[in-house]
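# Summary of the model geometry
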Amino acid sequence: MKLSCRIKNDTYHFKSIKEVLAKASEEKSGDIMSGIAAATSLERMAAKVVLSELQLKDFYENPVIPYETDLVTKVIYDNINLSIYREFQTMTIGELRDYILSHTTTFHELRKLTQGLTSEMISGVAKLMSTIDLVMAAQKMKYQAFCNTLIGEPGRLAFRCQPNHPTDLPEGILYSLKEGLSYGSGDAVIGVNPNVDTADSVSRILHMTHDFMDKWKIPTQNCVLAHITTQIEALEKGAPVALMFQSLAGTQKGNEAFGVTKEILDYGEQLMKKQGTSTGPNIFYFETGQGSEVSLDADHGVDMQTLESRTYGFAKHWSPFMVNNVSGFIGPETLFDGKQMIRADLEDLFMGKMHGLPMGIAPTYTNHMHADQNDQEIAGILTTVAGANFYMGVPGGDDVMLNYQDTSFHDNASLREMLGLRPLSEFEKWMENMGLMENGKLTNRAGDLSIFD
Amino acid sequence: MNQTEITKIVNEVLQELNKTKASNENKEGVPLKKTDSAADIIDFTEQAEMAVDEPKNKDTIQHAQKITPARIGIGRSGTRMKTKSYLQFRIDHAAAQDAVLKDVEPDMIKELNLPVLQTKAEDMETYLMDLEAGRTLNDESIRWLKENGEKGKQIQIIICDGLSSTAVESNTRDLLPAIVQGLSLKGITYAKPLFVKRSRVWVQDHVAKIVDSDIVISLIGERPGLATAESLSAYMVYRPGEHTVEADRTVISNIHKGGLSPVEAGAHLADLLEQMLQYKASGVQLVKHRNKK
């Protein structure tokens, strides 16, 4: 395993794969904050050179966090198909990049490949890719999943309607929901972030959204994004849950900080299969994002992008219906500006798909970071071109409960229209029946919440 | 639209442009006060307007806009936002960005008689980019707290600017007395509240170690949103130590006049603190204990 290289008459030495991965990352403030980023632009390039010549087996044999001490590493390794891994093990990361981008490598071959890679290999190859590389590669892969409806069909783009209210006022949530639905947002899920994380409060919102879906015959799924333990409690008390939510991290320590263990997730899955309202088999909605581990002091000196990739390796175990990437939600200490946020979104979409996941993207920014609406829209367009399955839908792009910006109902409709994409098939029929859509275009009625009067 | 109408509109627009230009030249970019009078000044509305074209029921939409601060009922141009709501959104974002960089009014700190501690974040840039700096008191504050802090009380309240000084300014005057009153009624002992400048949530662990209280409660400014920069959170932790994780903290967020009102929050927090003392736990652990009951 060669960990040194010579470029422009200087020699660069690296101590470990972990260091190579960190220094080969595109510049991000979170990696700088934890003191693991490349010190100079040439050192970054030297790390990329070393990375390009490492073989997959070097990665397999040297996980960045040991199998014995970290649950995430264990879950990732236990899910690797060794026969497929052995087929590719002598390939270098540079060759892997070429293989992924090659015209002769089809979706089916990539799909097979995903079963034999560890998350660190996937993170590594993304570090050798540019914006267009990431878009071209991501475009090749599209993964489907089924809860109450089918997500991920080619030519379709879905949205989570996110009708949050600062005090969980049912009437307020309902109005935002109606507005969102009238724009065609809500086919991925009707998902409310609760302000009060108690089983009673969460049950109330679950009942309300469930009853509304029932009354208007809306083909979708409902979800309240409380902590999984609260949702389990609500479900045990009989609340109607179609999709179970949880935030995940890329290390055991990170997940412990989130109050998540494998046992809880397994139990949640089991309970959903017995008592959830949805068809399944995909009943989980996970959220992830670069920077959560470093914010929680749970990063083990591993770079943010690699930890994000590991989160996907962990998430994959439960075959989720949707994995939403929310890089940009934390702040400037992890992703400084729009450029870093856009880069993270593209990496994450690619890496998620390389894990075989039905990925969506939330190109978000907070008000204390150096990014604005223009950056968010660029990220939205790029990742739609790259074939994301879904985005969030927030009234006017302004989440009045979580205090950050995300894609708006207007952006949802725009992303579909500019690329000729349709809502999920059952939902499109529903919109047509409601007189909200004709031939894939919004009608005059769209955007009017009072049509539900 | 015929030619005459178009000409009329063009003339009107040109007149408006000239007016704006003239007023800009006169004032040389100085922000105008509302009292500066004159019809020349655009008084741009901050109110959401019912802007849906030909709605089925206008009253419903107007009612909805009163119920939630969410940006609904704003209509559309094609699939895009209308000009006015787009500009309102960008204005609110600009205001929120500016709010992050402000310091808390020294007057308020004086009025509430709060001792001021500082973290290792010496400037805003360090504070925003280095989490560790905002989680640790600086040497001088450590010394001060060791000498002057009230030790061994059940509760230590700290007020933290966090990411919004505006949130601290607009809630503390009501919230702090409400909590203190609640604690007194319950016979719970508390140390003199402190203000910690440029601080993150985890600074409470550092403070807890020094003052040796059962619980530290941080009242901290949340990152400013577009709808409000006034939102405050309360983070509470029972006897934090090496093994404390994020899920061990109890959080009540969205404390502001448009969310959970500060007075109401104060009473609620006092109840929660009492429960934490009773179960000797916070966060997920507290929930587990409560569920067993």
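What you are looking at is a predicted structure, and each value in this text was computed from that prediction instead of being measured.

### Quick look at the pattern of salt bridges
Pairing of side chains with opposite charge becomes possible as their charged atoms draw close. Considering all chains together, one arrives at 41 salt bridges over all chains under this definition. Across the pair Lys28(A) and Glu347(A) runs a salt bridge whose closest N-O atoms are separated by 2.7 Å. One end of the pair, Lys28(A), is in the loop between α1 (17–24) and α2 (29–33); the other, Glu347(A), is in helix α18 (residues 338–354), with 319 residues separating them in the sequence. We note that Lys28(A), like Glu347(A), is buried. In this structure, the salt-bridge partner of Lys153(B) is Glu150(B), at a minimum N-O distance of 3.8 Å. Residue class for Lys153(B) comes out partly exposed when judged on its relative accessible area of 27%. Taken together, the shared-partner salt bridges connect Lys15(A), Glu19(A), Lys23(A) and Glu43(A) into one network.

### A closer look at the UniProt feature "binding site: adenosylcob(III)alamin" (unreviewed entry) in chain B
The UniProt record annotates "binding site: adenosylcob(III)alamin" (unreviewed entry) at Val201(B) and Glu222(B). These annotated residues cover 22 residues of sequence, and their C-alpha atoms all fall within 10.3 Å of one another, placing them together at a single site. When you line up the elements, Val201(B) lands in the loop between β3 (190–197) and α9 (203–211). Non-local contacts of Val201(B), meaning those with residues more than four positions away in its chain, are made with Ser218(B), Ile220(B), Tyr235(B) and Arg249(B). Structurally, the position occupied by Glu222(B) is in the loop between β4 (215–221) and β5 (232–238). A relative accessible area of 13% means that Glu222(B) is categorised as buried. What Glu222(B) contacts, discounting residues up to four positions off in sequence, is Asn403(A), Leu163(B), Ser164(B), Ser231(B), Leu232(B), Ser233(B), Ser253(B) and Asn254(B). Within polar-contact distance, the side chain of Glu222(B) engages the side chain of Ser231(B) at 2.9 Å.

### Observations regarding the domain arrangement of chain B
Residue and element names in this part refer to chain B. Domain annotation of chain B identifies domain 1 (1–31), domain 2 (44–100) and domain 3 (106–292). Here the C-alpha centroids of domain 2 and domain 3 sit 34 Å apart. Counting residues at the interface gives seven residues for domain 2 and nine residues for domain 3. Counting each side, the surface lost to burial between domain 2 and domain 3 is near 640 Å², with a carbon and sulfur contribution of 71%. Of all residues in domain 2, the largest losses of buried area upon contact with domain 3 belong to Ala96, Ala99 and Val100, amounting jointly to 66% of the total for that side. Remark: the boundary between domain 2 and domain 3 carries zero salt bridges. Our count for the contact surface shared by domain 2 and domain 3 stands at zero residue pairs in polar contact (both at pLDDT 80 or more). Tallied by class, the residues present in the side of domain 2 that touches domain 3 amount to four nonpolar, one polar and two charged.

### Details of the packing of helix α12 (residues 199–215) of chain A against helix α13 (residues 228–236) of chain A
All names here are of chain A. Packing of α12 against α13 leaves a shortest axis separation of 9 Å and a crossing angle of 70°. With respect to α13, the element α12 is oriented roughly perpendicular. The crossing of α12 and α13 is right-handed. Within the contact between the two elements, α12 uses Ala199, Val202, Ser203 and Leu206 and α13 uses Thr230, Glu233 and Ala234. Classifying every residue of the contact of α12 with α13 by side-chain character gives four nonpolar, two polar and one charged.

Criteria and thresholds
Residues numbered from 1 in each chain as written. Chains lettered and ligands numbered in written order. Predicted model: local features only at pLDDT ≥ 70, side-chain atom pairs only at ≥ 80, totals over all residues. Heavy atoms only, no water. Salt bridge = Lys/Arg side-chain N within 4 Å of Asp/Glu carboxyl O. Helix = DSSP H or I, 4+ residues; strand = E, 2+ residues; numbered from the N terminus. Buried < 20%, exposed > 50% of the residue type's maximum accessible area, 1.4 Å probe, protein only. UniProt positions renumbered as here; feature names shortened; annotations may be inferred. Contact = heavy atoms within 4.5 Å. Polar contact = N/O pair within 3.5 Å; in protein donor to acceptor, adjacent residues only side chain to side chain. Domains from an automatic or database assignment. Buried area = accessible area lost by both parts, 1.4 Å probe. Nonpolar A, V, L, I, M, F, W, Y, C, P; charged D, E, K, R; others polar. Axes fitted to C-alpha atoms, helices over the stretch in contact; angles between N-to-C directions. Parallel < 35°, antiparallel > 145°, perpendicular 65-115°, else oblique. Left-handed = near helix turned anticlockwise from the far one by under 90°.

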